[in-house]
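Listed below, chain by chain, are the residues.
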Amino acid sequence: MTQDWINADEKDEYLGDYLFDLNGYIVLKNAIAPDDLKEMNQWADDHWDYVDSQRRSLTQESGAWIGNVETHTYSGADGCNFQNIVEAGPVFRSLITYPTWIKRCRRWINPDNGLSIHENFLNVRGLGGYIGIHSGGATPICYMTFRQANTGEWMVGQINIIMALQDIGPGDGATTVIPGSHKSALRHPKLLEEVYRSDAAAGEQMGMVEMYLKAGDVLMFTDSITHGSAARTNPGHRRIVLYRYSPALLRSRFEYVPSEELLSSLSEEQRSIIQPIPPRFAPGQAYGPLATRSLQPR
Ligand SMILES: O=C(O)CCC(=O)C(=O)O
Ligand SMILES: [Fe+2]
């Protein structure tokens, strides 16, 4: 199968709309400026010591923090996530409204829904690492919508932006998708027993296509497409950054409170995406211990 892609500066909205509607994803070639790519890779190099050290998992309460960035893993096999990477410096802040994807995010989520970022992280994954098969058009999760059922208008509940920091080719543990599966009314056979995710590496499952990317390319896809990643069989590590965009009313996945430093360095538009529902206190009121949430991911 050949991979359809569009140039990041593609003026023709219709082509992007057509491919996204049809397949559930598009690839934006050369979507990230070389200097920005360099800066993100530099940050990963500078924090390499954390990649294999203690990190938050489903069983650990919390991982090592680097300022406001928290190290994390979902299953161990998925590698090290530097969660809340938006706090890691100007280049990561600039991604919030990066011109090559932000307009499409707004339009496809639908401007009436506003915008938030559900989760943002830099992921480093080594040999043997993978993500299990998950999602699909039949998944009963509120942010896995694609269109308004009665009118057909865009109403995408979550758009994932996967940024390749280095080339991702065969054996590198590429993200895999099943084109068109966001419209399937039936669950993938591998997901008959699980509502959402299986532990089986996605790369080996029926219908999956590996999405090869060059450094600076972006894979933009609806979270409702059945997807995951292939197991990495090459030595070395895969590096990606992932930002997930959703309607403003969706809570963020790990409830990080944006730092003052972050908020004060954002434009108004960026601030509304990072803090779509600012806390509003009565005089003298503040968060107490019972008002803070547990760390269990949902
Ligand atoms: O790590 C990957 O390639 C896939 C990540 C994923 O499942 C997601 O973006 O929702
Ligand atoms: Fe996913």
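Refer to the structure presented above.
Residues numbered from 1 in each chain as written. Chains lettered and ligands numbered in written order. Predicted model: local features only at pLDDT ≥ 70, side-chain atom pairs only at ≥ 80, totals over all residues. Heavy atoms only, no water.

Observations regarding the coordination of the iron ion (ligand 2)
Within the protein, the iron ion (ligand 2) binds to His134 (NE2) and His227 (NE2); these donor distances fall in the range 2.1 Å. Taken together, the four donor atoms coordinating the iron ion (ligand 2) span angles of 80 to 172 degrees at the metal, a pattern that classifies the geometry as irregular. One end of the pair, His134, is in strand β7 (residues 131–134); the other, His227, is in strand β13 (residues 227–229), and 93 residues separate them in sequence. The class for His134 is buried, based on a relative accessible area of 5%. (Donors = N, O, S within 2.8 Å, 3.2 Å for Na, K, Ca; no water. Tetrahedral: all angles 85-135°; square planar, octahedral: opposite > 155°, others 65-115°. Helix = DSSP H or I, 4+ residues; strand = E, 2+ residues; numbered from the N terminus. Buried < 20%, exposed > 50% of the residue type's maximum accessible area, 1.4 Å probe, protein only.)

Remarks on the pattern of salt bridges
One pass over the structure, following the stated rule, counts 13 salt bridges. Ionic pairing is found between Glu13 and Arg107, a salt bridge with its closest N-O pair at 3.7 Å. You can see Glu13 sitting in helix α1 (residues 13–23) and its partner Arg107 sitting in helix α4 (residues 102–109), a full 94 residues away along the chain. The class for Glu13 is partly exposed, based on a relative accessible area of 44%. The class of Arg107 is partly exposed, set by a relative accessible area of 22%. Put simply, Arg244 and Asp223 hold a salt bridge, and the shortest N to O gap is 3.7 Å. With a gap of 21 residues between them, Arg244 in strand β14 (residues 238–246) and Asp223 in the loop between β12 (218–222) and β13 connect regions that are remote in the sequence. (Salt bridge = Lys/Arg side-chain N within 4 Å of Asp/Glu carboxyl O.)

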